[in-house]
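What follows is the residue order along each chain.
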Amino acid sequence: MTNCSTTQTDCTTQETVVEAARDYSFATRAIHDGQEPDSATGALVTPIYQTSTFVLDELGVNKGFQYARTHNPTRSALEECLASLENAKYCLASASGLSAAATVINLLSAGDHVIVGEDVYGGVYRLFERVFTRYGITFTYIDGKDLDAIEAAITPQTKMVWLETPTNPLLRLADLSAVAAITKARKLIFVVDNTFATPYFQRPIELGADVVVHSTTKYISGHSDIIGGAVITSNDQLFEVLKFHNNAVGAVPGPFDCFLALRGVKTLALRMREHERNAFAVARFLEAHPAIEAVHYPGLESHPQHELASKQMKGYGGVVACVVKGGLDAAKQVVNNTKLFQLAESLGGVKSLICHPATMTHAPIPKEVREPLGIVDGLIRLSLGIEDANDLIADLERVLPRDTSKTTTNAPTEKRIPVGAAR
Ligand SMILES: *Cc1c(COP(=O)(O)O)cnc(C)c1O
């Protein structure tokens, strides 16, 4: 049992069923699947096949590769590994998470309608609203945890339901099995963006989703050094269409990026355990801190969907959001002054990042729209890296407004040298 979160005890039986579908457990597959020694040279590590085309043995006879937009061995290795990790049949690597999303929308035609979780990633929202509406596809945004709202939004033109869970930045959940029951009954394609959870913590296809989308830019590559995406499915017919579009549109990743993603994914199991451990430590520290108004983390008992998270996920991930008392000024004071947490968009790398959704990722959304969604001025999002938890907590402790009337129990007691000074 390798991919059971240490914070949960009840996933043993579920795990056994999942593992039976494949020969090896998750951590082993991440290192071996698609990554046999190179057949031509014996190279242990899948080489970077930096070539645009492949020479035919003779007319009509090739070695399985023809032109690198269609296939590349480094990319094929990554695809086989990612399909295996989602316990799915097929994967198509894409140039970015957004091009992966575009590949999936290419399953549709003018006149079709999509139901979308209202707090999808901003770039996905922009792609849908500013690009695909111009091609006659329509989108309705609903609260992904509201099953009645999903049912009510279905029209005769509806072809697809698109959800993220947990969502960004508030870590809200959608009940994947319950939504899958609706989409199956209504013959809709159910797409889940699994970027935040990763297949280590959540496998939507096992819960009834038809297609999984990833920004491999985040946890899958894990080192904040590439942009990449993936589309994963077990549905033969959908795969044929997706594959056609992937090649016909041509937004494919280069072999070096595939190599880096494949290098990163080998340690996905290890990293996710550490991301989560740090997320728990920081979430608990924040929950006890007098300067913090609210903490959003599905692993906390205080999260309104903690039970659902424990049911459909094997762990709670590495992103934590919190609201600092004092609004914009207080939030600015925090994000501008941390030393380890780097002020940047994105998430899922080994280095911890901090961001202020209201002025960064969600800035284009008017205040009166974002505030009722919970994206208030005091909201801060943390992507926990895999540094030492005590160092991360000390970094936050130092910049959070002090309240001398109360001392926190989780604060580190030893005196610490600021990282900047140590360097
Ligand atoms: C980053 C992200 C995307 C977009 O992926 P890119 O690789 O930046 O194109 C899509 N969905 C989620 C949840 C993301 O975090």
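Cut-offs and rules
- Residues numbered from 1 in each chain as written.
- Predicted model: local features only at pLDDT ≥ 70, side-chain atom pairs only at ≥ 80, totals over all residues.
- Heavy atoms only, no water.
- Helix = DSSP H or I, 4+ residues; strand = E, 2+ residues; numbered from the N terminus.
- Buried < 20%, exposed > 50% of the residue type's maximum accessible area, 1.4 Å probe, protein only.
- Contact = heavy atoms within 4.5 Å.
- Areas by Shrake-Rupley, 256 points an atom, 1.4 Å probe, with all protein chains shown as cover.
- Phe/Tyr/Trp six-rings, centres within 6.5 Å; stacked < 30°, edge-to-face > 60°.
- Near = heavy atom within 4 Å.
- Polar contact = N/O pair within 3.5 Å; in protein donor to acceptor, adjacent residues only side chain to side chain.
- Nonpolar A, V, L, I, M, F, W, Y, C, P; charged D, E, K, R; others polar.
- Core = buried A, V, L, I, M, F, W, Y, C linked by side-chain atoms within 4.5 Å.
- Domains from an automatic or database assignment.
- Pairing = 2+ DSSP bridges.
- Axes fitted to C-alpha atoms, helices over the stretch in contact; angles between N-to-C directions.
- Salt bridge = Lys/Arg side-chain N within 4 Å of Asp/Glu carboxyl O.
- pLDDT = per-residue confidence, 0-100.
- Arc of directions from axis to C-beta.

### Observations regarding the overall build of the protein chain
And step 1. Each helix and strand in the protein chain was counted, giving 16 helices and twelve strands.
And step 2. Across the 423 residues in the protein chain, those meeting the buried criterion constitute 54%.
And step 3. Counting contacts in the protein chain only where the partners sit at least 6 residues apart, residues at least 24 apart contribute 71% of the total.
And step 4. Surface summary for the protein chain: the accessible area is close to 18700 Å², and the carbon and sulfur share equals 54%.

### Section: the packing of aromatic side chains
And step 1. All told, the structure shown has twelve aromatic pairs when counted by the stated rule.
And step 2. A ring pair is formed by Tyr-90 and Phe-239, whose centres lie 3.9 Å apart and whose planes are at 5°; its orientation type is stacked. Highlighted residues: Tyr-90 in strand β1 (residues 90-94) and Phe-239 in helix α9 (residues 236-249), separated in sequence by 149 residues.
And step 3. Centre to centre, the rings of Phe-280 and Tyr-316 are 5.8 Å apart; their planes meet at 85°, and the pair counts as edge-to-face. Here Phe-280 is found in helix α11 (residues 268-287), whereas its partner Tyr-316 is found in the loop between α12 (306-312) and β9 (319-324), with 36 residues between them in sequence. Summarising the burial analysis for this pair, Phe-280 and Tyr-316 share the class buried.
And step 4. Linked through ring pairs, Phe-26, Tyr-200 and Phe-201 together constitute an aromatic cluster.

### Observations regarding the site of the ligand
And step 1. Surveying the vicinity of the ligand reveals the residues Ser-96, Gly-97, Leu-98, Tyr-121, Glu-164, Asp-193, Thr-195, Phe-196, Ser-215, Thr-217, Lys-218 and Gly-228.
And step 2. Between the ligand and the protein, one listed contact pairs an oxygen atom with a side-chain N or O atom of Thr-217 at 2.7 Å.
And step 3. Bound to the protein, the ligand loses 93% of the 380 Å² it would expose on its own.
And step 4. Class assignment of the residues belonging to the shell around the ligand gives a composition of three nonpolar, six polar and three charged.

### A word on the nonpolar core
And step 1. Judged by nonpolar contacts, the single largest core of 72 residues is most densely connected at Leu-286, Ile-380 and Leu-382.
And step 2. Counting the residues that make up this core, at least three belong to each of domain 1 (8-265) and domain 2 (271-399).
And step 3. Excluding residues within four positions of it along the chain, Leu-382 makes contact with Val-282, Leu-286, Gly-318, Val-319, Val-320, Phe-341, Leu-353, Ile-354 and Leu-396.
And step 4. Core analysis: the next-biggest nonpolar cluster, separate from the first, contains 27 residues, Leu-92, Trp-162, Ile-189 and Leu-238 among them.

### Focus on the sheet that holds strand β3 (residues 138-142)
And step 1. Ordered by their spatial adjacency, seven strands build an open sheet running β1-β7-β6-β5-β4-β2-β3, and the pairing between neighbours is mixed. Both edges of this open sheet fall to β1 and β3, since each of them pairs with a single strand only. Neighbour-to-neighbour, the strand axes of the sheet open up by a mean angle of 20°, direction not taken into account.
And step 2. Relative to strand β4 (residues 158-164), strand β2 (residues 113-117) runs parallel, the two sharing four bridges. Counterpart to Ile-115 in the pairing with β4 is Val-161.
And step 3. Together, β1, β3, β4, β5 (189-193), β6 (211-215) and β7 (229-233) form the strand contacts of helix α4 (residues 97-105), whose direction differs from that of β6 by roughly 155°.

### What about the pattern of salt bridges?
And step 1. Applying the stated rule across the entire model yields 14 salt bridges.
And step 2. Glu-79 is paired through a salt bridge with Arg-75; the nearest N and O atoms lie 3.7 Å apart. Of this pair, Glu-79 and Arg-75 both sit in helix α3 (residues 73-85), four residues apart, which is roughly one turn of the helix.
And step 3. Residue classification places Glu-79 among the buried positions, given a relative accessible area of 13%.
And step 4. Of the residues examined, Arg-75 reaches a relative accessible area of 2% and is grouped as buried.
And step 5. Between Lys-243 and Glu-240 there is a salt bridge; the shortest N-O distance is 3.8 Å. Of this pair, Lys-243 and Glu-240 both sit in helix α9, three residues apart, which is roughly one turn of that helix.
And step 6. One network of salt bridges, with partners in common, ties together Lys-367, Arg-370 and Asp-377.

### Concerning the pairing of strand β12 (residues 379-383)
And step 1. Counting buried residues along β12, five of its five residues qualify, which places the element largely inside the surrounding structure.
And step 2. Burial along β12 is two-sided: Leu-379, Arg-381 and Ser-383 facing one way and Ile-380 and Leu-382 facing the other are all buried.
And step 3. Where β9 and β12 come together, five bridges link them in antiparallel fashion. Residue Ala-321 lies in a different strand from β12, and its bridge partner there is Arg-381.
And step 4. Pairing of strand β11 (residues 353-355) with β12 involves three bridges; the strand directions are antiparallel. Along β12, the bridge assignment pairs Leu-353 with Ser-383.

### Overview of the confidence of the model for the protein chain
And step 1. When the pLDDT values of the protein chain are averaged, the result is 91; 90% of them are 70 or greater.
And step 2. Note on residues 406-423: pLDDT is under 50 here. Beyond four places in sequence and across chains, it has 19 contacts.

### A few points about helix α7 (residues 176-185)
And step 1. All of the buried residues along α7 are Leu-176, Val-179, Ala-180, Ile-182 and Thr-183. For α7, the angular spread of buried residues about the axis comes to 160°, placing them on one side. Facing away from the buried side of α7 by over 90 degrees, the exposed positions are Lys-184 and Ala-185.
And step 2. Contacts from the buried residues of α7 go to α6 (147-153), β4, β5 and α12.
And step 3. At the exit of α7 stands Lys-187, carrying a positive phi of roughly 55°.

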